[in-house]
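One letter stands for each residue in the lines below.
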Amino acid sequence: MNEKNKGEEEFFIGWQGKAPEKTGRHLRFLVLGGLLVVLGLAAAIPVWQKTVPKDAAWDYEVKEFTGVLLKEPTPVLVGDEGAVWYLVNEFKFGFDMEVAEKFHLKRVSLEGSLISREGQVMIEAFPQTVKDIGGADGTNPLGEPKQLGELTLQGEIVDSKCYLGVMTPGNLKPHRACAINCISGGIPPVLVVRDQKGVASYFLLVGADGEAINKEVLPLVAEPVEVRGMFEKLGELQILKVNPDGLTLLES
């Protein structure tokens, strides 16, 4: 070090109790800048995640809904005027099945926020708010499912919650990891099929006996697939009952 620079440069030894003044100011600046970046990301990420597709809607306001709760083929709430809402929990989880069992075929009120896309509707519900309000006669308001025979369709298996409006994009390979997590957590898997004009049809996927097949569909999520199963209609719900051998991955 020459005489000109002597005294202008700081020499810092890591085990010293306190950094020199210039070094300390620099470190404080870096720490403060890093903290501001983290806080900015913490505020921005939820906003990004709540960006919904242009043809979808997520009403974040919590409202009260009433209707008859059904536990199968997946938990749904049948509104007093016949609308059918899928029920899911917050985050990446399907609706609490213990609550669905307890209130099956009962007329209830519950709180949640509405998610919708192309005529498909879902409630992100708070299971602890479900209350029996009476007035149900113990029968399924949708009646018996209509058996419509075997059907083979090509489309994409999506997790219904994100696709209906919670995430953008809610389908295709960019969303694959998230979709797998959601379906693993109990979100109902749905087959989306589009016609030549791009109009979508939605089919709830369940097993041959009506059981959940979330685990079985995971390898085919967010990929082009062919699905063969028995087609049923239950009110507004279109249902495909499939065996594992009825799920085929197509070449993309």
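Residues numbered from 1 in each chain as written. Predicted model: local features only at pLDDT ≥ 70, side-chain atom pairs only at ≥ 80, totals over all residues. Heavy atoms only, no water.

Some words on the nonpolar core
Part 1 of the argument: Val 76, Tyr 86, Val 192 and Leu 237 are the most contacted members of the largest nonpolar core, which totals 27 residues.
Part 2 of the argument: Among the secondary structure elements, those contributing two or more residues to this core are β1 (56–70), β2 (76–79), β3 (84–88), α3 (160–166), α4 (176–184), β8 (189–194), β9 (200–207) and β11 (237–242).
Part 3 of the argument: No other element matches β9, which puts four residues into this core.
Part 4 of the argument: Filtering out sequence-adjacent residues up to four positions away, Val 76 remains in contact with Val 68, Leu 69, Leu 70, Val 84, Trp 85, Tyr 86, Leu 87 and Leu 237.
Part 5 of the argument: Leu 153, Ile 183, Leu 220 and Phe 231 belong to the second largest nonpolar core, which has 20 residues in total. (Core = buried A, V, L, I, M, F, W, Y, C linked by side-chain atoms within 4.5 Å. Buried < 20%, exposed > 50% of the residue type's maximum accessible area, 1.4 Å probe, protein only. Helix = DSSP H or I, 4+ residues; strand = E, 2+ residues; numbered from the N terminus. Contact = heavy atoms within 4.5 Å.)

Comments concerning the pattern of salt bridges
Part 1 of the argument: For the coordinates displayed, the defined rule picks out seven salt bridges.
Part 2 of the argument: Where Lys 161 meets Glu 124, a salt bridge forms, and the shortest distance between an N and an O atom there is 2.7 Å. With a gap of 37 residues between them, Lys 161 in helix α3 and Glu 124 in strand β5 (residues 120–125) connect regions that are remote in the sequence. Grouping residues by exposure puts Lys 161 and Glu 124 together as buried.
Part 3 of the argument: One salt bridge in this structure joins Glu 232 and Lys 241, with 3.2 Å as the shortest N-O distance.
Part 4 of the argument: A relative accessible area of 22% places Lys 241 in the partly exposed class. (Salt bridge = Lys/Arg side-chain N within 4 Å of Asp/Glu carboxyl O.)

All quantities given are derived from atomic positions and should not be read as evidence of function.
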